[in-house]
Amino acid sequence: REWAWLSRTKAKDLAVAGLQRPQGSVGLKIVLETNMLSSLLIGLECSAPLKQDFFGRTHGPECASKEVSAFGNRKWRDYRRAGEDVPANLGGLRVSVNEQNLTQLR
């Protein structure tokens with residue numbers, strides 16, 4: 001394949017596919033807004049200190065990070081290594097909270 005930048009006029013003359021919006025589509029307006037963002041950090045452990053967890057691992061005094069989270073999933077750092085946008089390498093959890101959920105948490 002060969003690629004080249006074309007002016008809109010040239011692209012129309014060549015009937016380039018995808019140049020026109022599909023019929024019935026809606027335009028997209030992108031707006032940059034500045035908002036206040038707050039967060040709450042809640043820590044979860046797999047087990048009590050020196051006790052075995054459900055995954056057969058022990059929460060020991062060495063303070064070493066385990067390969068899996070308290071939920072049995074891979075740590076965020078593994079997803080970041082693969083190029084994903086994640087909240088934190090260690091200990092982050094992405095959660096959406098609305099006003100009702102926040103009231104319930106309180």
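Keep in mind that what you see is a predicted model, and the values were worked out from it rather than measured.

Colleague: Can you walk me through the overall build of the chain in this structure?
Modeller: Within the chain, the regular secondary structure consists of 3 helices and 0 strands. Reading the chain from its N terminus to its C terminus gives the helix and strand order α-α-α. Residues classed as buried in the chain amount to 12% of the 106 residues present. Look at the contacts in the chain between residues 6 or more apart in sequence, and 10% of them connect residues 24 or more apart. Carbon and sulfur atoms make up 53% of the accessible area of the chain, which amounts to about 10500 Å² in all.

Colleague: It is not clear to me how the confidence of the model for the chain should be interpreted in this structure. Could you clarify?
Modeller: Interpreting fine coordinate detail is not advised for predicted regions of low pLDDT. Taken residue by residue, the chain gives an average pLDDT of 78. The fraction at 70 or more is 88%. Across the chain, the element-wise mean pLDDT spans from 74 in helix α2 (residues 76-81) up to 91 in helix α1 (residues 8-13).

Colleague: When you look at unusual backbone geometry in this model, what are you seeing that I'm missing?
Modeller: Working note: non-glycine residues mostly have negative phi, and peptide bonds are mostly trans. The phi angle at Ala 15 is positive, at roughly 55°, despite the residue not being glycine. Looking at the secondary structure, you find Ala 15 in the loop between α1 and α2.

Colleague: Looking at this structure, I do not really get a nonpolar patch on the surface. What am I missing?
Modeller: A cluster of nonpolar side chains, namely Leu 40, Val 95, Val 97, Leu 102 and Leu 105, defines an oily patch on the protein surface of about 490 Å² accessible area. Of note, Val 97 is situated in the loop between α2 and α3 (99-105).

Cut-offs applied
- Residues numbered from 1 in each chain as written.
- Predicted model: local features only at pLDDT ≥ 70, side-chain atom pairs only at ≥ 80, totals over all residues.
- Heavy atoms only, no water.
- Helix = DSSP H or I, 4+ residues; strand = E, 2+ residues; numbered from the N terminus.
- Buried < 20%, exposed > 50% of the residue type's maximum accessible area, 1.4 Å probe, protein only.
- Contact = heavy atoms within 4.5 Å.
- Areas by Shrake-Rupley, 256 points an atom, 1.4 Å probe, with all protein chains shown as cover.
- pLDDT = per-residue confidence, 0-100.
- Patch = residues over 30% accessible without salt bridge, like charges linked within 9 Å, V, L, I, M, F, W, Y side chains within 5 Å.
- Salt bridge = Lys/Arg side-chain N within 4 Å of Asp/Glu carboxyl O.

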